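# Structural overview for review
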Amino acid sequence: MSFTSSLEALNFLIGQADAGAAQSPMGGLMSMAPLMIAFIFIMYFLTIRPQQKRDRERQEMLNALSKGDKIVTTGGICGKVVGLRETEVDVLVGKDVTIKFLRSSIAQIIKSNGESKD
C-alpha cells in the first residue's frame, strides 16, 4: 500500500467523520427529545404531584377544623380549639390560658381516642 493511497483513505475517513458531525447535533437533539420529555414526566409524578396532594389534604384538614377539636401546633403545643376566625384559632392550652395561633401553624388534629386525623 502506498503513501498516497493511505493518505486518500485517511482523507475519505475524515470527510465521512465531518459529514457525520454535521448531522449529529440535529440528530442527537431529536434522539434526546423523548428522553427529556420522559424525564419531565417522571419528575412531575415523583415530586410535584405528591406535594400538591399533601397540600390539598392539609387545606382540607384546616377547613374541617371546629371548636372542641384537640390540636398540635407546628411548635409542639397541644390544646383544644375554643375559637375560630378566618385566619386565626384560639387554643386553650391550660387552665384559663388561651393562645391565639394562625391556622397555618396547626400541624395535626387529634381525635378523642388519641389518633391523628392527618
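Here the structure is a predicted model, which is why all the values come from computation and not from measurement. (Residues numbered from 1 in each chain as written. Predicted model: local features only at pLDDT ≥ 70, side-chain atom pairs only at ≥ 80, totals over all residues. Heavy atoms only, no water.)

Before going further, it helps to examine the packing of aromatic side chains. By the definition in use, this model includes 1 aromatic pair. Seen from their ring centres, Tyr44 and Phe45 are 5.1 Å apart, and the 80° between their planes marks the pair as edge-to-face. (Phe/Tyr/Trp six-rings, centres within 6.5 Å; stacked < 30°, edge-to-face > 60°.)

Moving on to the confidence of the model for the chain. Residue-level pLDDT values for the chain average 82, and 70% of them are 70 or greater. Scored below 50 in pLDDT, residues 18-22 makes 0 contacts in the model with residues more than four places away or belonging to other chains. (pLDDT = per-residue confidence, 0-100. Contact = heavy atoms within 4.5 Å.)

In this section: the pattern of salt bridges. Throughout the structure, instances matching the rule amount to 3 salt bridges. A salt bridge links Arg85 to Asp90; its shortest N-O distance comes to 3.1 Å. By relative accessible area, Arg85 is classed as partly exposed at 35%. The class for Asp90 is buried, based on a relative accessible area of 17%. In this structure, Lys100 and Glu88 form a salt bridge, with 4.0 Å as the shortest nitrogen-oxygen distance. Of the two residues, Lys100 is situated in strand 4 (residues 97-102) and Glu88 in strand 3 (residues 88-94); the sequence distance between them amounts to 12 residues. Judged by its relative accessible area of 24%, Glu88 is partly exposed. A single network of salt bridges, built from pairs that share partners, joins Arg85, Glu88, Asp90 and Lys100. (Salt bridge = Lys/Arg side-chain N within 4 Å of Asp/Glu carboxyl O. Buried < 20%, exposed > 50% of the residue type's maximum accessible area, 1.4 Å probe, protein only. Helix = DSSP H or I, 4+ residues; strand = E, 2+ residues; numbered from the N terminus.)

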